[in-house]
Amino acid sequence: MSKNISIKTYLIALNQIDKVGDKRISELINHYESLENIFEDKEENIKELLEKKFKSQIGSFNKNEILDKAEAIIEKSNDYNIGILSLFDDDYPFNLKQIDNPPYILYYKGDLKKLRRNAIAIVGTREPTNESRKYSFELASKLSSMNISVISGMAKGVDREAHLGAISSNINTVAVLGNGIDNVYPSENLQIYNKLSEKGLIVSEFEVGRKPDRMNFPRRNRIISGLSYAVVMVEAASKSGALITVDYALNQGRDVYIAPYDEKKSCYFGNHKLYKDGAKIVYNYIDILEDFDSIFSNDDDYVKMKLKYFEGGDIKSKASKNDIKNVEKTNNTNNKEISKKEKKINKSKKSDNEFINNLKEDEQSLYNIIKQTDKIHIDDIAEESNMKVQSAASILMQLEIKGIIKQLSGKYYTIEK
């Protein structure tokens, strides 16, 4: 076997073997101690090793044929200006490298700088409500403006709005495809595709020529969550396919957030389940910045935007008017713009006395319990109130939506300051 074959060629070739994925490639590398050694062995020995030791049924293959296929894929990728990253490259995304069985090969088109560590995934249904579309756009726009990359799957609905929002502000966004990058799917996203190819980024683990297939999309979802520090679920019904990304996120140790929602609407039943399981509600981008500021601040590009938009670079300080753009109403007195969503939140945060007077009896009871301490776990709240945990969770959600309390990680609660 020629010693001039590149590592990428070997890896792409192994991906051409039927039913051999990243896990099996890892096992082969560990067993043979190098990619070159794998291809020095006979095909029947490799097949026997995979089937007997690693319990994986694979199809027959010819080493020369799969290497030829790999060379053809590399050549065709070059024709389409599609780059190729291997797991061993310095530019391979750090976050993705930390998950179990990361893809050994990533194809990409666009600006690799968008593969920054500071990344948040925004996902949801392909048929969202108008409220969810607006929320996705606005959240992505604000995150992108802070030099945080928005990760999504370029599908219809929530994905599309997330990419459009990021494009409207600095174009810090990455689309993860479930097909080859030479194929624009869905076709209605051609303009988004072209914009990301130019100034954003498109990535896929699937080689050129690979058509969209329903079996590919669950696989690509692990990359969406793997590239990100956290996943925001905007809208999902109880059995939405978008929840697959959340499952991957939880298995990868990523944080999961949800958009504000109406628990009575079936289109948000997935959100409600996630809330009961401990997901935090994100009212706007500041909620994410507060949770990740210490991590995000390792990136100079993020710090630069903090200094631009917040007094003294403190995200807890009052934002400057430059930070609040594309808004619903202008205050002629001070010429500061306030978005409709932020205005709604501010309206809900009136004096404690007014809150207390308007609370229902059960809400008042839980509020008083939480008020007595800096933070308290939901189990302790349920015990002190003599409620079932499920009943307490429903009331706590209403208090959180009203902006009276705030859920912390680990299902702890505190009074909203």
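Residues numbered from 1 in each chain as written. Predicted model: local features only at pLDDT ≥ 70, side-chain atom pairs only at ≥ 80, totals over all residues. Heavy atoms only, no water.

A.B. asks: I tried to follow the side chain of Thr-414 on my own but got confused; where do I start?
C.D. replies: Among the structural elements, Thr-414 can be located in strand E14 (residues 412-415). You can call Thr-414 buried: its relative accessible area is 12%. A distance of 2.5 Å separates a polar side-chain atom of Thr-414 from the backbone oxygen of Asp-374. (Helix = DSSP H or I, 4+ residues; strand = E, 2+ residues; numbered from the N terminus. Buried < 20%, exposed > 50% of the residue type's maximum accessible area, 1.4 Å probe, protein only. Polar contact = N/O pair within 3.5 Å; in protein donor to acceptor, adjacent residues only side chain to side chain.)

A.B. asks: What is the right way to read the pattern of salt bridges from this model?
C.D. replies: When the charged atoms of two side chains with opposite charge come close together, those side chains can pair. Evaluation of the coordinates by the stated rule reveals 15 salt bridges. Where Asp-291 meets Lys-280, a salt bridge forms, and the shortest distance between an N and an O atom there is 2.7 Å. Placement of Asp-291 in helix H13 (residues 285-296) and of Lys-280 in strand E9 (residues 280-281) is noted, with a sequence separation of eleven residues between them. Under the relative-accessibility criterion, Asp-291 is labelled partly exposed at 30%. For Lys-280, a relative accessible area of 12% puts it in the buried group. As a salt-bridge pair, Lys-406 and Glu-290 come within 3.1 Å of each other at their nearest N and O atoms. Here Lys-406, found in strand E13 (residues 405-408), pairs with Glu-290, found in helix H13; they are 116 residues apart in sequence, far enough to count as distant. Salt bridges linked by common partners bring Asp-22, Glu-205, Arg-219 and Arg-222 together as one network. (Salt bridge = Lys/Arg side-chain N within 4 Å of Asp/Glu carboxyl O.)

A.B. asks: Can you help me understand helix H4 (residues 43-53) in this one?
C.D. replies: Given 3.6 residues to a turn, an α-helix orients residues that are three or four positions apart in the same direction. Three or more residues of H4 are buried, namely Ile-46, Leu-49 and Leu-50. For H4, the angular spread of the buried residues around the axis is 90°, confining them to a single face. Among the structural elements, helix H2 (22-32) and helix H3 (35-40) are those in contact with the buried residues of H4. Just past H4, the residue Lys-55 takes up positive phi, approximately 55°. (Arc of directions from axis to C-beta. Contact = heavy atoms within 4.5 Å.)

A.B. asks: Would you take a moment to explain the sheet that holds strand E12 (residues 376-377) for this structure?
C.D. replies: Sheet strands pair by backbone hydrogen bonding; their relative direction is either parallel or antiparallel. Spatially, the three strands line up as an open sheet ordered E12-E14-E13, and their pairing is antiparallel. With partners counted over all chains shown, the strands left at the sheet margins are E12 and E13, one partner each. Summarising the sheet, E12 and E14 pair through two bridges and their orientation is antiparallel. Looking at the pairing, Ile-376 lines up with Tyr-413 of E14. (Pairing = 2+ DSSP bridges.)

A.B. asks: I keep staring at the side chain of Ser-152 and nothing clicks. Help me out?
C.D. replies: Within the secondary structure layout, Ser-152 lies in strand E4 (residues 149-152). By relative accessible area, which is 0% here, Ser-152 ends up buried. One polar contact links Ser-152 to Asp-159, side chain to side chain, over a distance of 3.0 Å. Setting aside residues up to four positions removed in sequence, Ser-152 forms contacts with Ile-122, Asp-159, Ala-162, His-163, Val-174, Ala-175, Val-176 and Ile-224.

A.B. asks: Honestly, the pairing of strand E7 (residues 230-233) in this entry has me stumped. Any pointers?
C.D. replies: Of the two faces of E7, both are covered, the one formed by Ala-230 and Val-232 as well as the one formed by Val-231 and Met-233. Here four bridges tie E7 to strand E8 (residues 255-258), and the two strands are oriented parallel to one another. Within the sheet, the bridge partner assigned to Met-233 lies in E8 and is Ile-258. Read from E7 through helix H11 (residues 243-251) to E8, the crossover connection turns out right-handed. (Right-handed = clockwise from strand over helix to strand, strands pointing away.)

A.B. asks: Sorry, what's going on with the nonpolar core here?
C.D. replies: As a rule of thumb, soluble globular proteins bury nonpolar side chains together. Ranked by size, the top nonpolar core spans 96 residues in total, and within it Ile-38, Leu-227, Met-233 and Leu-396 carry the most contacts. Among the elements that make up this core, the one with the highest residue count is helix H19 (residues 389-401) (six residues). With residues up to four places along the chain from it excluded, the contact list for Leu-396 reads Tyr-275, Leu-366, Ile-370, Ile-378, Ile-381, Ile-405 and Tyr-413. Formed by 30 residues, the second largest nonpolar core is a distinct cluster that contains Ile-122, Ala-162, Tyr-257 and Tyr-302. (Core = buried A, V, L, I, M, F, W, Y, C linked by side-chain atoms within 4.5 Å.)

A.B. asks: I'm lost on the sheet that holds E7 in this one. Help?
C.D. replies: Reading across from one edge, E1-E2-E6-E5-E4-E3-E7-E8-E9 is the order of the nine strands in this open sheet, with mixed pairing throughout. Edge positions in the sheet fall to strand E1 (83-86) and E9, since each has one partner strand and no second. Helix H9 (residues 190-198) rests against strand E2 (105-110), strand E5 (173-176) and strand E6 (201-204) of the sheet, and its axis sits at about 95° to E2. (Axes fitted to C-alpha atoms, helices over the stretch in contact; angles between N-to-C directions.)

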